[in-house]
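So the chains spell out like this:
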Amino acid sequence: MRGSWRSEATGGGADGALGVVGELAGVLERSVTALASPALLQERELGEVLGALDGVVARTHALVVAVVREGLNRGLHQEAGFSDVDWVRLVCPGLASRTAVEIAMVARAAQQGVHVPLADAVQDGRLPVHRAAQVLRALTRIRPALGEAEYAEATDLLTVAAASKEFDEKDLARITSKLVATCLSEKEQIARAQAKHELREVHESSLADGSLRRFVVTVGSDADYEAIRAVLMSPLAAPVRREDGAQGGDAGRDGVPGRGVGHGGLSVAELDLRTAGQRRYDAFMTVFRRGVAGTQGQPTTPKAQVMVTIGLQELRGALAGDGRTVHDGTIPAHQVRQLACEADIIPAVLGEKGQILDLGRAKRLVTPGQRRALAHRDGGCTFPGCHVPATWCDAHHVVHWARGGRSDLGNYALLCARHHTWVHQHEATADVDATGVRWRLR
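Residues numbered from 1 in each chain as written. Predicted model: local features only at pLDDT ≥ 70, side-chain atom pairs only at ≥ 80, totals over all residues. Heavy atoms only, no water.

Draft legend 1. Spatial organisation of the overall build of the chain. From N to C terminus, the chain includes 16 helices and 14 strands. For the chain, with 442 residues in total, the buried portion stands at 33%. Across the chain, the fraction of contacts at a sequence separation of at least 24, relative to all contacts at a separation of at least 6, is 55%. Of the roughly 26,300 Å² of accessible surface on the chain, a fraction of 56% belongs to carbon and sulfur atoms. (Helix = DSSP H or I, 4+ residues; strand = E, 2+ residues; numbered from the N terminus. Buried < 20%, exposed > 50% of the residue type's maximum accessible area, 1.4 Å probe, protein only. Contact = heavy atoms within 4.5 Å. Areas by Shrake-Rupley, 256 points an atom, 1.4 Å probe, with all protein chains shown as cover.)

What follows is the structure in structure tokens.
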């Protein structure tokens, strides 16, 4: 794509380049007309069209990076009196704010020779802009701790990983987190954590006419963030089905409370009409009120549980590293050691190959111990491409219980409700070992 664009630009100058872009705009306009009635498309066609449009968006972003890169090299943003990000926002007002920031980040990084291969990978369409930006954010953190040769090696390594279709978003996040934890000494990590801790605060502001109040919390550590997130993603924040009419609704025609108006098999009284934000607020307030309700300063409920997987050597401090939470967050090893002293940590003992050991027992239904082991092993829904966290997943028997399947970790796989239904409907099976689940879908 870059070679073709440059050829047109060289052959016809600005008019040639604008002509090519004009032709592209014309094709897109004709596509808009052709897709004016998507209801006429068949199910297979809908998926194909969406995939093609996603490719168009990705290639368009790659072209934007190429042109912005040239604009920054010429100093056009400085001539206009703007920062690189503000200049991109000015000339591309249709870009989402985050996308504009990431495009500017990649184009700016390309001005340094060590980052040229990464920027070229973006322009060639091999590397999406948002993944390149993710790599650059990690590289920014480790650069002070590395020499030039080591930094160039780390840049090449992450560029290859980010461009590989073998790694999804979660895999790339784990790779960058592991690299950062490995490159930074624990002393440096503690210093960064202390500086971050100093930024912690809660302040109050008003909304509208002052009738509503807002508390803004700036979290000062990864451990605190994971503790808060554990509450907000706990069953306390899940939708609640009520069959006693407590959430409103009149008695049904048969006189039974909550059986009046049906919605897909549920009555109005059975539906949880709270928004996701309202449910998280209620969960937070439940924990907060219980925490301050005890007498003589004693809370009436245990601390929020945080599940962390970490190697024994990292926990002991023999190796640099960090712990991984069930929601794919990371906590530096020194913070894990602190949490282990004062918080309700659920430990996972890892074998030599990273397998989970000594959690749960075989029963008809998955035990709490096995649920924790599955959350650590699978991380969430195991269906390819799905990112539903473990909190919202079912423990599926790969070989059904009725067909002699055992209730042990080797026969369990986490699946979200939607994919759990799909797997049963299509009799899909999978290979399971100590490292994870691989579905056989073909």
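Here the narrative resumes, following the displayed structure.
Draft legend 2. Broad picture of the packing of helix 5 (residues 97-109) against helix 7 (residues 129-142). The contact between helix 5 and helix 7 brings their axes to 9 Å, and the two run at 60 degrees. Taken as a pair, helix 5 and helix 7 cross one another with a handedness that is left-handed. In contact with Arg98, Glu102, Ile103, Met105, Val106 and Ala109 of helix 5, helix 7 contributes Val129, His130, Ala132, Ala133, Leu136 and Arg137. Of the residues assigned to the contact of helix 5 with helix 7, the class counts are 8 nonpolar, 1 polar and 3 charged. (Axes fitted to C-alpha atoms, helices over the stretch in contact; angles between N-to-C directions. Left-handed = near helix turned anticlockwise from the far one by under 90°. Nonpolar A, V, L, I, M, F, W, Y, C, P; charged D, E, K, R; others polar.)

Draft legend 3. The environment of Thr286, seen in detail. Its location among the elements puts Thr286 in helix 12 (residues 276-293). Judged by its relative accessible area of 25%, Thr286 falls in the partly exposed class. Note: C-alpha distance between Thr286 and Val231 (55 residues apart in sequence) is 9.6 Å.

Draft legend 4. Layout of helix 9 (residues 169-183). With 15 residues, helix 9 extends 21 Å from end C-alpha to end C-alpha; this agrees with the ideal 21 Å at 1.5 Å per step. Looking at helix 9, one finds that the buried residues are Lys170, Leu172, Thr176, Leu179, Val180 and Ala181. Two or three places before Lys170, at the start of helix 9, stands the capping residue Asp168, its side-chain oxygen 3.2 Å from that residue's backbone nitrogen. (Expected span 1.5 Å × (residues − 1). Polar contact = N/O pair within 3.5 Å; in protein donor to acceptor, adjacent residues only side chain to side chain.)

Draft legend 5. View of the pairing of strand 13 (residues 429-433). As judged from the 5 bridges shared by strand 13 and strand 14 (residues 436-440), these two strands associate in the antiparallel manner. When the bridges of strand 14 are listed, Ala430 appears paired with Trp439. The hairpin formed by strand 13 and strand 14 contains 2 residues between the paired strands. (Pairing = 2+ DSSP bridges.)

Draft legend 6. View of the packing of helix 2 (residues 43-73) against helix 4 (residues 84-91). One can describe the packing of helix 2 onto helix 4 by two numbers: an axis separation of 11 Å at closest approach and a directional angle of 125 degrees. Put simply, helix 2 runs oblique to helix 4. Note on packing geometry: the crossing formed by helix 2 with helix 4 is right-handed. Touching Val68, Gly71 and Leu72 of helix 2 are Asp84, Trp87 and Val88, all from helix 4. Considered class by class, the residues forming the contact of helix 2 with helix 4 number 4 nonpolar, 1 polar and 1 charged. (Parallel < 35°, antiparallel > 145°, perpendicular 65-115°, else oblique.)

Draft legend 7. Representation of the side chain of Gln123. Relative to the helices and strands, Gln123 resides in helix 6 (residues 116-123). The buried category is assigned to Gln123, whose relative accessible area is 5%. At a separation of 2.5 Å, a polar atom in the side chain of Gln123 contacts the side chain of Arg69.

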